[in-house]
Structures are given as structure tokens and as C-alpha cells.
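Chain and residue survey
Residues per chain, in single letters:
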Amino acid sequence: MRKVVIVDDEYIVVQGIQAMIAREKMNFEVTGHALNGIDGLQVILSQKPDLVISDIRMPGMDGLSLIEAAKEECPDTIFVIISGYQEFEYARRALSLGVKGYIDKPITISKVRETLTMAEELLEKQEGNWEQSKKAYQEACSRLKDLIVEKNTKGYEAVLEEALSALKVYASDIVDYKEESYKLICMAFGIFYEQRKKGEEEEHFPSYQNIEMLKDREEVDEVTRELFKTMFRKLHSETLGNMHRTIKILLDYIEHHYHEDIGLTELADQVEMNPAYLSILFKEEAGMSYIKYLTKIRIEEAKRLLKEGYKVAEVSEKVGYSNYRYFCDIFKKQVGQTPNEYKGNVRRK
């Protein structure tokens with residue numbers, strides 16, 4: 001059964017609406033009531049009902065103030081106001097606060113029936129949105145996990161925003177929102193520290209108290225974004241460090257094996273990396289493609305050997321070119337002279 005709270009300073013009105021709701025035998029049950037706005041707010045906050053039917057004018061706290069205060073903690077509750085003809089302007093203001101409807105006096109069973117029908121339709125729609133948001137949130141969380149595991153720092157901001165957007169519907173209550181946001185943070189940092197295994201959890205792992213003390217969703221989002229930003233920045237820095245070390249290993253390998261027939265696949269095997277990915281990484285780190293770098297090393301060594309007096313055919317073999325003519329073409333393209341021309345110029349100096 002869906003919970004209903006009635007707030008009206010006339011007890012007879014409260015009793016009358018309660019009797020009408022019971023008579024309709026719809027999926028609604030009055031679980032609380034109050035005779036003024038102050039008590040009404042306490043009942044609403046404690047019960048978090050599906051539907052609140054409240055008078056506009058009441059002692060202590062009027063209906064508009066009551067709704068404004070209650071909606072902060074109960075964003076999914078449907079609010080309906082009771083108003084007389086003279087209070088129509090109040091009713092218009094109430095609609096701007098997100099009130100979904102009003103019952104004008106005198107209150108009749110048909111008006112109550114219409115209100116319950118309207119509320120049921122809205123609640124069913126909310127539940128459908130909740131399911132969709134829950135699924136969207138779970139999918140976004142899964143993608144964030146994958147990014148952390150893969151150490152992929154590109155595009156995490158957009159995925160995080162998808163998660164936070166879905167969370168606003170999935171966990172609309174502020175307390176739930178803080179708890180779910182903290183779970184998201186724990187999930188991410190848990191994976192991050194598990195991969196590192198450096199024992200830094202106690203120093204950097206955020207506590208729930210840091211989230212609990214925040215006043216609204218905007219502050220929770222801000223802290224969440226900053227924590228993720230810090231984590232992914234550190235992840236990016238470490239990933240770059242690993243890249244630098246990998247490329248340094250390969251540059252040393254090329255330095256000692258440039259004369260051999262080593263292609264990108266053989267090079268990738270040395271560091272157990274995908275050749276296609278290595279091709280991109282090598283160019284980013286070395287500033288040129290692997291082939292251009294290998295060619296540069298070979299030609300520099302060829303120039304040294306030619307200066308020492310080696311024959312062109314010998315140099316070609318020593319620097320890794322079994323095809324003499326191909327070596328001559330590559331050398332001229334890189335140096336601007338044929339090997340023999342270069343050798344002759346060196347002798348004349």
C-alpha cells in the first residue's frame with residue numbers, strides 16, 4: 001500500500017479525507033496526519049510518504065512553507081494542496097514549488113478519487129524512471145571500473161557525470177545519495193589501491209564522515225569529482241612512467257640489435273605488448289615511428305663505419321641491410337648523398 005499523510009488544521013477535514021480514501025479501496029492508506037504545519041513536517045520527514053495532502057493556510061507553518069521544507073528530504077513524494085476559491089493565488093505559487101495538483105473546496109469523493117488516480121500514475125512513472133536510472137548508474141559504474149583496471153585515463157569525466165546524473169534519480173533522498181556516492185568512491189579507490197598494493201589506503205582513502213557532513217548534492221558531487229580527478233591524475237602519471245620505462249627498454253634493445261632483422265612484432269614480443277598499441281606508444285614517446293627511429297640509428301652507424309674506411313657493401317651488411325641497392329637508396333634519402341659520395345667527401349676533409 002502507498003502511504004498518505006494528511007495535514008489540515010480542521011480535524012473533521014482530516015477524518016473526512018481519510019474515510020474517503022479508505023472507501024475508494026485504491027492502493028493508498030493514510031498512515032499519518034497533523035493539525036498544523038510544524039507537526040505535519042515532522043510526520044512527513046519521519047514517514048516519507050508517497051502522497052501528502054495539505055491545506056494551504058494553517059497555524060505555525062503554512063502549507064507552502066511546509067512543502068518547501070519537506071521536498072528537500074522527500075523529493076519523490078507527491079504533494080497535493082487543499083485550497084478555497086479565495087486562495088487561488090496561493091495555489092499558483094504552490095505549483096511553482098512542484099506541487100502536482102490541488103483539491104478545491106468543498107472536498108468530494110470524486111475529487112479525492114481524481115487525486116489518487118493522478119498520484120498513482122505519477123508514482124508509477126517515477127518507479128519506471130527509477131529502474132532506468134538504476135540500470136544506467138550500474139552501467140556507468142561498470143565502465144568506470146573498466147577504465148581503472150585498464151589504466152585508461154581518457155574520457156572518465158563523461159562516464160562519471162553519467163553516473164552522478166543517474167544517481168540523482170536512483171538515490172533521490174539526500175541520505176541515500178551520500179551513501180551511494182561514498183560506495184562509488186570506495187569502489188573506485190578499492191580497485192585503484194588493489195592494483196598498486198603500496199599500502200597507501202590509510203593515508204588517502206576518504207572516510208564516510210567527509211561525505212556525511214556535506215549539506216547538499218552539489219557539494220557531494222564536487223567532492224566526488226575532485227577525488228576521481230586526483231585518482232585519475234595519479235593513475236595517468238604512473239601510466240606515463242610505465243610507458244617511459246617500456247620505451248627505454250626497447251631503445252636499449254634497438255641500440256644493440258639494430259643490425260638484425262627486427263620488425264615491430266619482434267620488438268613487441270620483447271615487452272609482451274600488442275604491436276598496434278606499441279606502434280602508437282613508440283611514436284608518442286620517441287617522437288617518430290619505430291621504422292624511422294631504426295633507420296636513423298642504422299644510418300648514423302653507417303656514417304661512422306664509412307668514415308672508418310669500410311666498403312659500402314660491408315657497411316650495408318653490418319647495419320642490417322642485406323639488399324645493397326636498397327641501403328644506397330635509403331642512405332641517399334636520409335643524408336642527401338650516396339654512400340660512396342659521403343665516403344669520398346669524408347676523405348677529402
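Everything numeric here is computed off the predicted structure, so don't read it as measured data. (Residues numbered from 1 in each chain as written. Predicted model: local features only at pLDDT ≥ 70, side-chain atom pairs only at ≥ 80, totals over all residues. Heavy atoms only, no water.)

Some words on the overall build of the chain
Tallying secondary structure elements over the chain gives 16 helices and five strands in all. If one aligns the C-alpha atoms of the chain with their principal axes, the spans along those axes are about 115 × 40 × 35 Å. Counting all 349 residues of the chain, 41% fall into the buried class. For the chain, the exposed surface amounts to about 19700 Å²; the carbon and sulfur share of it is 49%. Side-chain charges in the chain split into 50 positive and 61 negative, and the spacing between the mean points of these groups amounts to 11 Å. (Helix = DSSP H or I, 4+ residues; strand = E, 2+ residues; numbered from the N terminus. Buried < 20%, exposed > 50% of the residue type's maximum accessible area, 1.4 Å probe, protein only. Areas by Shrake-Rupley, 256 points an atom, 1.4 Å probe, with all protein chains shown as cover. Lys, Arg positive; Asp, Glu negative; His and termini not counted. Charge placed at Lys NZ, Arg CZ, Asp CG, Glu CD.)

Brief notes about the confidence of the model for the chain
Chain-level pLDDT for the chain is 84 on average; 90% of the residues reach the 70-or-more range. This stretch, residues 199-203, has a pLDDT under 50; its non-local contacts, to residues over four places away or in other chains, come to three contacts. (pLDDT = per-residue confidence, 0-100. Contact = heavy atoms within 4.5 Å.)

Here's the deal with the pairing of strand 1 (residues 2-7)
Two faces, one strand: in a regular strand the side chains alternate between the faces of the sheet. Burial runs high along strand 1: five of the six residues are buried. As paired strands, strand 1 and strand 2 (residues 28-34) are joined by six bridges and run parallel to one another. Note that in strand 2 the partner of Val-4 across the bridge is Val-30. Since strand 1 and strand 2 lie parallel, the crossover through helix 1 (residues 11-24) that links them has a hand, and here it is right-handed. Relative to strand 3 (residues 51-55), strand 1 is paired through four bridges, and the arrangement is parallel. Along strand 3, the bridge assignment pairs Ile-6 with Ile-53. (Pairing = 2+ DSSP bridges. Right-handed = clockwise from strand over helix to strand, strands pointing away.)

Observations regarding the packing of helix 13 (residues 290-307) against helix 15 (residues 324-335)
Remark: helix 13 packs on helix 15, axes separated minimally by 11 Å, with the N-to-C direction vectors making an angle of 95 degrees. Classified by the angle between their axes, helix 13 and helix 15 sit roughly perpendicular to one another. Of the residues in helix 15, those in contact with Thr-295, Ile-299, Ala-302, Lys-303 and Leu-306 of helix 13 are Phe-327, Ile-330, Phe-331, Gln-334 and Val-335. A breakdown of the residues in the contact of helix 13 with helix 15 according to their chemical character gives seven nonpolar, two polar and one charged. (Axes fitted to C-alpha atoms, helices over the stretch in contact; angles between N-to-C directions. Parallel < 35°, antiparallel > 145°, perpendicular 65-115°, else oblique. Nonpolar A, V, L, I, M, F, W, Y, C, P; charged D, E, K, R; others polar.)

Thoughts on a negative patch on the surface
On the surface, Glu-260, Asp-261, Glu-266, Asp-269 and Glu-272 cluster together to form a negatively charged patch. Positionally, Asp-269 belongs in helix 11 (residues 264-270). Of the residues examined, Asp-269 reaches a relative accessible area of 54% and is grouped as exposed. (Patch = residues over 30% accessible without salt bridge, like charges linked within 9 Å, V, L, I, M, F, W, Y side chains within 5 Å. Salt bridge = Lys/Arg side-chain N within 4 Å of Asp/Glu carboxyl O.)

Things to note about helix 6 (residues 156-170)
In this model helix 6 runs 21 Å from its N-terminal to its C-terminal C-alpha over 15 residues, within 8% of the 21 Å that 1.5 Å per residue would give. All buried positions along helix 6 are accounted for by Tyr-156, Val-159, Leu-160, Ala-163, Leu-164, Ala-166, Leu-167 and Tyr-170. (Expected span 1.5 Å × (residues − 1).)

Focus on the pairing of strand 3
Counting buried residues along strand 3, five of its five residues qualify, which places the element largely inside the surrounding structure. Of the two faces of strand 3, the one holding Leu-51, Ile-53 and Asp-55 and the one holding Val-52 and Ser-54 are both buried throughout. Considered for its hand, the β-α-β crossover made up of strand 3, helix 3 (residues 63-73) and strand 4 (residues 78-83) is right-handed.

With respect to the side chain of Arg-217
Within the element layout of this structure, Arg-217 appears in helix 10 (residues 217-257). Buried and without a salt bridge, Arg-217 has Glu-72 as its closest oppositely charged side chain, separated by 4.4 Å.

Some details on the sheet that holds strand 3
Strand order across the open sheet formed by five strands is 2-1-3-4-5, with parallel pairing between neighbours. Looking at which strands have only one partner, the edges of the open sheet turn out to be strand 2 and strand 5 (101-104). Going across the sheet, the axis of each strand differs from the next one's by a mean of 25 degrees, ignoring polarity. Each of strand 1, strand 2, strand 3 and strand 4 is contacted by helix 2 (residues 37-47), which is oriented at about 140 degrees to strand 2, the strand it contacts most.

Notes on unusual backbone geometry
Residue Pro-106 is bonded to the preceding Lys-105 through a cis peptide linkage, with omega at 0 degrees. Mapped onto the elements, Pro-106 comes out in the loop between strand 5 and helix 5 (109-149). Although it is not a glycine, Lys-25 adopts a positive phi angle of roughly 55 degrees. Structurally, the position occupied by Lys-25 is in the loop between helix 1 and strand 2. A positive phi is found at Lys-48, a non-glycine position, where the angle reads about 45 degrees. Note that Lys-48 resides in the loop between helix 2 and strand 3.

Brief notes about the pattern of salt bridges
Counted according to the given criterion, the structure contains eleven salt bridges. Residue Glu-162 pairs with Arg-143 through a salt bridge whose shortest N-O separation is 2.8 Å. Here Glu-162 is found in helix 6, whereas its partner Arg-143 is found in helix 5, with 19 residues between them in sequence. Classification of Glu-162 by relative accessible area gives partly exposed; the value is 38%. In this structure Arg-143 comes out as partly exposed when scored by relative accessible area, which is 38%.

Focus on the environment of Tyr-342
With respect to the helices and strands, Tyr-342 occurs in helix 16 (residues 339-348). Given a relative accessible area of 10%, Tyr-342 falls into the buried group. With 175 residues separating them in the primary sequence, Tyr-342 and Leu-167 have C-alpha atoms 70 Å apart.

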